[in-house]
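Chain by chain, the residues:
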Amino acid sequence: MKKIGVLTSGGDAPGMNAAVRAVTRGAIYNGMEVYGIARGYEGLIYGEIRPLSISSVGDIIHRGGTMLKTDRSPDFMTPAGFQRALNMLESFGLEAVVTIGGDGTMRGALELTKAGVTTVGLPGTIDNDLAYTDFTIGFDTAVNTVLSAISNIRDTSSSHGRSTVIEVMGRDCGDIALYAGLCGGADVILIPEEEVDINAVCRKVMEGKNRGKTSNIIVVAEGVDADSQELAKDVTERTGLETRAVVLGYIQRGGSPTAKDRMLASRMGYRAVELLMPGGGGRAVGVRGEEIIDMDLAEALAMKRRYDRSIIELADVLSR
Ligand code: F6P
């Protein structure tokens, strides 16, 4: 393997830069040429491809976002767009591609693999919604960003004696809510994997109120089938405790990656290079426990996500 491309696609995630750096420097160290494909699959279609050197990935390990830029590419899903992407790979002489992104990016990598392109996928998304890996690059940073927001909100909500519904990202996955909820001392955590029981939420708030608690933190994942403003209104009406809602939004996607995300990105990026050296592709790189793993892309994407209900139960016990 001599000439490879690297791209980041879908929602950006802190640590993507560290992964691009690891792929680039790891590959150059092992005698390969590396090309950066801008704006994910969209840039591949339009030939936005340029050589990367050791110095072009300098000073990025600590930066959020992605130096390669990113996009969501509906065109890549069309036969014409996909064919253009294949043609571009050929005309730039790229023998393999490393893709960094979430579920959609991994599915794109699988399509490339099926079309005969040597492809390795790295999981880069704040959502932590890929079943085959314990953690995705960017998740830990997002959780820490949410935690810092919860701490700020706690200051004001306890000063005013208010409850706050805090909506966090995660698409259809409740992991950001679960981790940030437990670590932030949330009274209630609502995730899309479970039905919302407004009576149970209000019961918990009332129990607190009856023992003199004047503020609560209710963490809600964005994929939950309930509007957070409406939820706050309901809690106010049913408990008499003034409740506000805040949607944290895109602040969760930015920021300098944590040590954990930089570790994952660096180790996973280098694993991608190790796989490509003998010409191996069709693999998804992940982490299980402390170990970096890789597995067949199709099998990885066929795995069913599970969530850890015990985190909700623990948060409930510890916030009583
Ligand atoms: O996948 C990352 C993510 O931030 C999700 O948590 C969220 O649902 C989505 O992307 C938002 O996407 P967009 O950037 O297109 O608004």
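It should be emphasised that the depicted structure is a prediction, and the values quoted were computed from it without experimental measurement.

S.K.: Got a minute to help me understand the site of the ligand in this structure?
M.R.: Within the structure, the ligand sits among Arg72, Thr125, Ile126, Asp127, Met169, Gly170, Arg171, Glu222, Tyr250 and Arg253. Between an oxygen atom of the ligand and a side-chain N or O atom of Glu222, the distance comes to 2.5 Å. In the environment of the ligand, an oxygen atom lies 2.4 Å from a nitrogen or oxygen atom belonging to the side chain of Tyr250. Isolated, the ligand exposes 400 Å² of accessible area, and the fraction of that covered by the protein chains is 77%. Residues of the shell around the ligand, tallied by class, amount to three nonpolar, two polar and five charged.

S.K.: What should I look at first to understand the environment of Thr105 in this one?
M.R.: For Thr105, the location among the structural elements is in helix H4 (residues 103-114). Note on Thr105: relative accessible area 3%, which makes it buried. Beyond its immediate chain neighbours, meaning those up to four positions away, Thr105 contacts Ser9, Gly10, Tyr41, Thr99 and Ile100.

S.K.: Would you take a moment to explain the pattern of salt bridges for this structure?
M.R.: Pairing between side chains becomes possible if they bear opposite charge and their charged atoms approach one another. Enumeration over the complete set of coordinates arrives at 21 salt bridges. Between Asp175 and Arg305 there is a salt bridge, and its shortest N-O distance comes to 3.2 Å. Of this pair, Asp175 sits in helix H6 (residues 175-183) while Arg305 sits in the loop between helix H10 (297-302) and helix H11 (309-318), and the two are 130 residues apart along the sequence. Between Arg320 and Asp316 there is a salt bridge; the shortest N-O distance is 3.0 Å.

S.K.: Can you walk me through a nonpolar patch on the surface in this structure?
M.R.: Taken together, the side chains of Tyr29, Tyr270 and Met277 make up a nonpolar region of the molecular surface, amounting to roughly 330 Å² of accessible area. By the secondary structure assignment, Tyr270 is in helix H9 (residues 259-276). On the basis of relative accessible area, Tyr270 is assigned to the partly exposed category, the value being 30%.

S.K.: Can you help me understand the packing of helix H7 (residues 198-210) against helix H8 (residues 228-239) in this one?
M.R.: Geometry of a packed helix pair, given as the angle between the helix axes and the separation of the axes. Close contact between H7 and H8 brings their axes to 10 Å; oriented N to C, the two are set at 50°. In this view, H7 runs oblique relative to H8, as classed from their interaxial angle. In terms of crossing hand, the pair formed by H7 and H8 is right-handed. In contact with Ile198, Asn199, Val201, Cys202, Val205, Met206 and Lys209 of H7, H8 contributes Leu231, Asp234, Val235, Arg238 and Thr239. Its residues assigned to classes, the contact of H7 with H8 comprises seven nonpolar, two polar and three charged.

S.K.: How should the sheet that holds strand E10 (residues 283-288) be read in this particular structure?
M.R.: Backbone-to-backbone hydrogen bonds pair the strands of a sheet. The strands run either parallel or antiparallel. Strand order in the open sheet formed by seven strands is E3-E2-E1-E4-E5-E10-E11, and the pairing between neighbours is mixed. Of all strands in the sheet, those bounded by a partner on one side alone are strand E3 (49-52) and strand E11 (291-296). For this sheet, the mean inter-axis angle between neighbouring strands, taken without regard to orientation, is 25°. For strand E2 (residues 33-37) and E3, the ladder comprises four bridges, and the chain directions are antiparallel. For Gly36, the partnering residue across the bridge sits in E3 and is Arg50. Against the sheet, H4 touches strand E4 (96-101), strand E5 (118-123) and E10, its axis set at about 170° to E5.

Criteria and cut-off values
- Residues numbered from 1 in each chain as written.
- Predicted model: local features only at pLDDT ≥ 70, side-chain atom pairs only at ≥ 80, totals over all residues.
- Heavy atoms only, no water.
- Near = heavy atom within 4 Å.
- Polar contact = N/O pair within 3.5 Å; in protein donor to acceptor, adjacent residues only side chain to side chain.
- Areas by Shrake-Rupley, 256 points an atom, 1.4 Å probe, with all protein chains shown as cover.
- Nonpolar A, V, L, I, M, F, W, Y, C, P; charged D, E, K, R; others polar.
- Helix = DSSP H or I, 4+ residues; strand = E, 2+ residues; numbered from the N terminus.
- Buried < 20%, exposed > 50% of the residue type's maximum accessible area, 1.4 Å probe, protein only.
- Contact = heavy atoms within 4.5 Å.
- Salt bridge = Lys/Arg side-chain N within 4 Å of Asp/Glu carboxyl O.
- Patch = residues over 30% accessible without salt bridge, like charges linked within 9 Å, V, L, I, M, F, W, Y side chains within 5 Å.
- Axes fitted to C-alpha atoms, helices over the stretch in contact; angles between N-to-C directions.
- Parallel < 35°, antiparallel > 145°, perpendicular 65-115°, else oblique.
- Left-handed = near helix turned anticlockwise from the far one by under 90°.
- Pairing = 2+ DSSP bridges.

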